[in-house]
Amino acid sequence: QQQVKQSPQSLIVQKGGISIINCAYENTAFDYFPWYQQFPGKGPALLIAIRPDVSEKKEGRFTISFNKSAKQFSLHIMDSQPGDSATYFCAALRQNFVFGPGTRLSVLP
Amino acid sequence: DAGVTQSPTHLIKTRGQQVTLRCSPKSGHDTVSWYQQALGQGPQFIFQYYEEEERQRGNFPDRFSGHQFPNYSSELNVNALLLGDSALYLCASSTWAGMHNSPLHFGNGTRLTVT
């Protein structure tokens with residue numbers, strides 16, 4: 001019940017396209033859902049986060065969509081850029097953060 | 001405003017040895033969590049320290065231990081190293097009061113290689 005599933009494992013998108021990464025969870029006690037971006041050799045950095053009482057949150061080109069009944073949430077990156085190429089992790093918080101396995105995004109120029 | 005700093009950045013140890021990793025939290029943060037990130041995997045929670053006490057622990061053996069100092073900095077100790085302990089060890093800081101509405105701030109990690 002502590003697991004967070006994430007898909008796809010890897011994603012290739014053309015510059016200007018939309019990148020979509022999906023996550024699912026089982027534990028309904030999770031109450032905070034951040035997305036992290038990690039570049040090689042660096043620690044994860046917070047991208048955007050949402051609480052379960054909100055269905056969507058947008059910050060610039062990044063949007064989280066949250067479906068509480070389905071226990072799913074997704075990250076949408078609009079107008080994807082080569083600089084967005086990184087590994088993305090979804091996470092969920094109960095007493096500590098549980099991370100998904102990550103999605104490696106490559107944005108082609 | 002310094003972020004989370006970790007030392008050393010890289011470390012090579014031999015099986016059976018012991019290692020100590022260090023972390024200074026972001027200014028204003030009082031809670032430190034440690035994560036293990038194996039290659040190609042998401043971070044896995046090891047434990048969390050607040051007020052110099054271990055508050056939560058993940059599914060890691062007691063070869064993994066830690067400490068938090070009065071200035072909120074922290075150490076992660078791993079005894080009797082195994083090859084499988086090779087990973088990136090991440091320190092993350094936060095505020096105890098904001099645990100349920102604020103994110104973790106990560107350092108860049110210590111890359112531990114056990115040979």
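Our subject is the structure that appears above.
Quick summary incoming for the structure in this document. None of these values were measured; they are calculated from a predicted model.

Observations concerning the packing of aromatic side chains
All names here are of chain A. Under the counting rule described, the total for this entry stands at 20 aromatic pairs over all chains. Measuring from centroid to centroid gives 5.7 Å for tryptophan 35 and phenylalanine 73, while their planes differ by 70°, and the two rings are edge-to-face. Of the two residues, tryptophan 35 is situated in strand S4 (residues 33-38) and phenylalanine 73 in strand S8 (residues 72-77); the sequence distance between them amounts to 38 residues. Classification of tryptophan 35 as buried rests on a relative accessible area of 0%.

Digging into the interface of chain B and chain A
Contact residues are listed per partner, giving 19 residues for chain B and 19 residues for chain A. A combined buried area of about 1,500 Å² lies between chain B and chain A, and 54% of that area is made up of carbon and sulfur atoms. Applying the counting rule to chain B against chain A returns 0 salt bridges. Put simply, chain B and chain A have 6 residue pairs in polar contact (both at pLDDT 80 or more) between them. Those elements giving two or more residues to the side of chain B that touches chain A turn out to be strand S4 (31-37) and strand S9 (87-94) of chain B. Grouping the constituent residues of the side of chain B that touches chain A by class yields 9 nonpolar, 10 polar and no charged.

As for a nonpolar patch on the surface
A surface patch of nonpolar side chains, about 240 Å² in accessible area, is lined by Ile18, Ile20 and Met78 of chain A. The residue methionine 78 of chain A is located in the loop between S8 and strand S9 (86-93) in this model.

Things to note about the pairing of strand S8 (residues 74-78) of chain B
Residue and element names in this part refer to chain B. Burial analysis of S8 places 5 of its 5 residues in the buried class, the great majority of the element. Residues Ser74, Leu76 and Val78 of S8 are buried on one face, and the alternating residues Glu75 and Asn77, pointing to the opposite face, are buried as well. One ladder, built from 5 bridges, connects strand S3 (residues 19-24) with S8; its direction is antiparallel. When the bridges of S8 are listed, arginine 22 appears paired with glutamate 75. One ladder, built from 5 bridges, connects strand S7 (residues 64-68) with S8; its direction is antiparallel. The partner of glycine 66 across the bridge, within S8, is leucine 76. Between S7 and S8, which follow one another and run antiparallel, lie 5 residues, and tyrosine 72 among them has a positive phi close to 80°.

Digging into the nonpolar core
Counting 25 residues, the largest nonpolar core has Phe33, Trp35, Phe73, Leu75 and Tyr88 of chain A as its most contacted members. With 4 residues, the single largest contributor to this core is S9 of chain A. Among the nonpolar cores identified, the runner-up in size contains 20 residues, and Val32, Phe47, Tyr49 and Val78 of chain B belong to it.

Quick word on the pattern of salt bridges
When the charged atoms of two side chains with opposite charge come close together, those side chains can pair. Inspection of every chain in the model, using the stated rule, returns 7 salt bridges over all chains. Ionic pairing is found between arginine 61 of chain A and aspartate 84 of chain A, a salt bridge with its closest N-O pair at 2.9 Å. Of this pair, arginine 61 of chain A sits in the loop between strand S6 (56-59) and strand S7 (62-67) while aspartate 84 of chain A sits in the loop between S8 and S9, and the two are 23 residues apart along the sequence. Given the relative accessible area of 27%, arginine 61 of chain A is considered partly exposed. A salt bridge links arginine 57 of chain B to glutamate 54 of chain B; the shortest N-O distance between them is 3.1 Å. You can call arginine 57 of chain B partly exposed: its relative accessible area is 31%. For glutamate 54 of chain B, a relative accessible area of 35% puts it in the partly exposed group.

How each quantity is defined
- Residues numbered from 1 in each chain as written.
- Chains lettered and ligands numbered in written order.
- Predicted model: local features only at pLDDT ≥ 70, side-chain atom pairs only at ≥ 80, totals over all residues.
- Heavy atoms only, no water.
- Phe/Tyr/Trp six-rings, centres within 6.5 Å; stacked < 30°, edge-to-face > 60°.
- Helix = DSSP H or I, 4+ residues; strand = E, 2+ residues; numbered from the N terminus.
- Buried < 20%, exposed > 50% of the residue type's maximum accessible area, 1.4 Å probe, protein only.
- Contact = heavy atoms within 4.5 Å.
- Buried area = accessible area lost by both parts, 1.4 Å probe.
- Salt bridge = Lys/Arg side-chain N within 4 Å of Asp/Glu carboxyl O.
- Polar contact = N/O pair within 3.5 Å; in protein donor to acceptor, adjacent residues only side chain to side chain.
- Nonpolar A, V, L, I, M, F, W, Y, C, P; charged D, E, K, R; others polar.
- Patch = residues over 30% accessible without salt bridge, like charges linked within 9 Å, V, L, I, M, F, W, Y side chains within 5 Å.
- Areas by Shrake-Rupley, 256 points an atom, 1.4 Å probe, with all protein chains shown as cover.
- Pairing = 2+ DSSP bridges.
- Core = buried A, V, L, I, M, F, W, Y, C linked by side-chain atoms within 4.5 Å.

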